[in-house]
Structure formats: structure tokens, C-alpha cells
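Summary of structural features
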Amino acid sequence: MPEVMNDNSYMNTFKAALSERDFKRLSKFIHSECGIKMPDSKKTMLESRLQKRLRRLKLASFTEYCDYLFSPQGIENELVHMIDVVTTNKTDFFREPGHFDYLAQKALPELIAVHGAGIRKELMVWSAGCSTGEEPYTLAIVLSEFAERCPGFKFRYLILATDISTEVLEKAKHGIYEHDKVNPLPPGMKKKYLLRGKNKSSGLVRIAPDLRSNVRFRRLNFLEGDFGMREHMDIIFCRNVIIYFDRPTQEKLLSRFCSHLGPGGYIFMGHSETLHGMNLPLLQVAPTIYRKQK
Ligand SMILES: C[S@@+](CC[C@H](N)C(=O)[O-])C[C@H]1O[C@@H](n2cnc3c(N)ncnc32)[C@H](O)[C@@H]1O
């Protein structure tokens, strides 16, 4: 364990400086472990976000932090915290709403007609890079609404939601949000799918248990070997994640997604993420929406 500082009051205000050398060590490590690009323009962000880890570990410098992080003990205990700090988790309910309209109006009827997805077997949806849960719960709402409108048969679905960060996954599993966060939901859906907090929890809402039971959360780093996944997906949402990766990593990752997608399955990407020029068995069917060729 590295040398520790003892003066608590000093440590609370102390700010270590990140040298060029330590920044390079960290950015190389973050890129190789999580695929996340850390260009020079991110140095100040990294320096300020990691201060709380130095304070928590009572370390006096970034050099000590790097030495600890790269040690076997650091890889085991600190890597997960470092990842929580460096990942960007911004998300919302019904983010990029056009995707959910396309899902209900085009993708689901097509998957039912061609494969009987959701009828002969559960429809499988993967929210890859799910952050604090707003995306998978939005999917669950849209799929539940769709199921209600299906006449004469029971439409079944399961959502797998994964992220590299244990911190966001904890929040996602609880499914508790501030009132403001659920503003994008129409009033009817709020009534149906949210429980209102009382007393100390007023101002908070919780996703209803029925909806939560259709979402399974799991930690998964896209860069780690095999995804450990046996299921074949009908739909993959991987939005606003690959933007942080370099082009070869993006292409490798998308190719692996394709191998987990059934024929005719759909991939939804973020608004600024294009797969143009990548050698993939996908056909673009709408802006940022792709379909696996049969
Ligand atoms: C900006 S959020 C996107 C959330 C949601 N998909 C959306 O569009 O609203 C990106 C998420 O990707 C996750 N992420 C970053 N690198 C990852 C990796 N190597 N493996 C898995 N998830 C990763 C982050 O932890 C973060 O929660």
C-alpha cells in the first residue's frame, strides 16, 4: 500500500497536480482496459474527477495513485472505481424519442411477422451501455404498451441491460429517480408505471415492480474477452457509448454485436454515431438504425 497522508483537514482541500507523464500512463491504461479515448484535451477533466479517489485513498500524488492502480491489488480493488469516475453516464427517459416510435411502429411488427418474436419465444432486447437505467426502463414501457395493444396473443419480452460501471448499475437496479427525471413520460404512463415516494421519499419515484421484473442488469465491459452471453438478441440498443472509442475498437465491437444478433435483428445507435464504412452484415433502415441481413 502506498504512503498515506494523515492530516484530514489538509486532505479535504488538497488538490494534486496531474503531470504529463502520469496523464499518459493513465490515458494508455484507460484506453486498453475500457476502450475509452483520453486525448490531451481530457487531462483537466481527468485530473479533477480523480481528486476524490486520491482523497478517499489518502494518496498525496497521482504518481502514487498510478503505482497503486497498476499493481495487482489496485487492478482488483481500484480499477472498478476508476472506471466509475471516468465514464460519462448522461442519459434520459425517452432519449432520442424517434427510436422508440420506430421500434413500436416498424421493428416490432416486422419481427413478429417474420420470426414470431415475442410470441413463439420471448423477444430479447439488449440495452448495451445502459447507464442508470433510463434507457432499459423506457424500452420496458414501450414494449409493455405494445403488448397491451396486441390483440389475441400474449406478447412476451425480456430486456438485458449492461454497463461497465458498478455505480450506475446499482442505481439502475433500484429504479428510483427524482421527479424531474421522469418529465418526458406522458401523465398516463407515469400513473401506470411509477410509484410515488411518500414522506422522506416524496420528490422521488420508483419504477413499478412488474416493469422492473422484465429488466435484468449485469456488469459487462465490452473490451473483456467474450460477452459471456448465450442468448441471441432481436434488438440491440447501443447508443452514445461507442462515441468514446477509437474506430478499430468500434468496428470490432459492432462485429461482435452482430454475432449476437439474430437474422433480421435491429441495432439502434446514438444520434452522432455512424457505422458508415464499416465492414458489417448490416443494412441501414433509418438514420442511426440498422438491420442484420438475413
Ligand atoms: C452516455 S452513457 C449512454 C447511456 C444510454 N445508452 C443512453 O444513450 O442514454 C454511456 C454508458 O456507456 C458505459 N460504458 C463506457 N465504456 C464501456 C465499456 N467499455 N463497456 C461497457 N459499458 C461502457 C458508461 O459506463 C456509460 O454508462
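Reading the values: rules and limits
- Residues numbered from 1 in each chain as written.
- Predicted model: local features only at pLDDT ≥ 70, side-chain atom pairs only at ≥ 80, totals over all residues.
- Heavy atoms only, no water.
- Domains from an automatic or database assignment.
- Buried area = accessible area lost by both parts, 1.4 Å probe.
- Helix = DSSP H or I, 4+ residues; strand = E, 2+ residues; numbered from the N terminus.
- Near = heavy atom within 4 Å.
- Polar contact = N/O pair within 3.5 Å; in protein donor to acceptor, adjacent residues only side chain to side chain.
- Nonpolar A, V, L, I, M, F, W, Y, C, P; charged D, E, K, R; others polar.
- Buried < 20%, exposed > 50% of the residue type's maximum accessible area, 1.4 Å probe, protein only.
- Pairing = 2+ DSSP bridges.
- Right-handed = clockwise from strand over helix to strand, strands pointing away.
- Axes fitted to C-alpha atoms, helices over the stretch in contact; angles between N-to-C directions.
- Parallel < 35°, antiparallel > 145°, perpendicular 65-115°, else oblique.
- Left-handed = near helix turned anticlockwise from the far one by under 90°.
- Contact = heavy atoms within 4.5 Å.
- Core = buried A, V, L, I, M, F, W, Y, C linked by side-chain atoms within 4.5 Å.
- Lys, Arg positive; Asp, Glu negative; His and termini not counted.
- Salt bridge = Lys/Arg side-chain N within 4 Å of Asp/Glu carboxyl O.

Once the domains are mapped, the protein shows domain 1 (8–86) and domain 2 (98–292). Summarising the inter-unit geometry, the C-alpha centres of domain 1 and domain 2 are found 31 Å apart. The largest contributions to the domain 1 side of the interface with domain 2 come from Lys-37, Ile-83 and Asp-84, which together make up 44% of the buried area. Of all elements in the fold, only helix H2 (20–34) and helix H6 (79–86) reach the threshold of two or more residues within the side of domain 1 that touches domain 2.

Next up on the list: the site of the ligand. Within the structure, the ligand sits among 22 residues, and Thr-91, Arg-95, Gly-129, Asp-163 and Asn-240 are positioned closest to it. With respect to the ligand, the side chain of Asn-221 contributes an N or O atom lying 3.0 Å from a nitrogen atom. Between a nitrogen atom of the ligand and a main-chain N or O atom of Phe-222, the distance comes to 3.0 Å. For the shell around the ligand, the per-class residue count stands at eight nonpolar, nine polar and five charged.

Judged by how many residues are buried, strand S8 (residues 261–269) sits mostly within the fold: eight of nine residues are covered. Looking at chain direction, strand S7 (residues 233–238) and S8 are connected through five bridges and run parallel. Across the sheet, residue Cys-238 finds its bridge partner in S8, namely Met-269. The parallel pair S7 and S8 is bridged by helix H12 (residues 247–259), and the resulting crossover is right-handed. Bridge count between S8 and strand S10 (residues 289–292): three bridges; the pairing is antiparallel.

So, about the sheet that holds strand S5 (residues 204–207). Pairing is antiparallel across the open sheet formed by three strands, whose spatial order is S3-S5-S4. Strand pairing shows two members of the sheet lacking a second neighbour, strand S3 (176–178) and strand S4 (194–196), which therefore form its edges. The mean inter-strand angle of the sheet, taken between neighbouring strand axes irrespective of direction, is 35 degrees. Of the strand pairs in this sheet, S3 and S5 are connected by three bridges, and their pairing is antiparallel. Residue Ile-176 lies in a different strand from S5, and its bridge partner there is Arg-206.

Time to look at the packing of H2 against helix H4 (residues 62–69). One can describe the packing of H2 onto H4 by two numbers: an axis separation of 10 Å at closest approach and a directional angle of 30 degrees. Here H2 lies roughly parallel to H4, going by the angle between them. Considering the relative orientation of H2 and H4, their crossing is left-handed. When H2 is examined against H4, the residues Asp-22, Arg-25, Leu-26 and Phe-29 are found in contact with a partner set consisting of Phe-62, Thr-63, Tyr-65, Cys-66, Asp-67 and Leu-69.

Grouped together as the largest cluster of nonpolar side chains are 53 residues, with contacts concentrated most on Met-82, Trp-126, Phe-222, Phe-257 and Ile-267. When residues of this core are sorted by domain, at least three fall in each of domain 1 (8–86) and domain 2 (98–292). Setting aside chain neighbours within four positions, we find Met-82 in contact with Phe-29, Ile-30, Leu-50, Tyr-65 and Leu-69. If you look at the next biggest cluster of nonpolar residues, it comprises 45 residues, including Ala-140, Phe-146, Tyr-157 and Leu-185.

Along the polypeptide, Arg-95 turns up in the loop between H6 and helix H7 (98–115). Notably, Arg-95 is buried but unbridged: the nearest opposite-charge side chain belongs to Glu-96, and the N-O separation is 4.4 Å. A distance of 3.0 Å separates the side chain of Arg-95 from the backbone oxygen of Lys-90, its partner in a polar contact. For Arg-95, the residues in contact, after removing those within four places along its chain, are Lys-90, Phe-100, Arg-239 and Asn-240.

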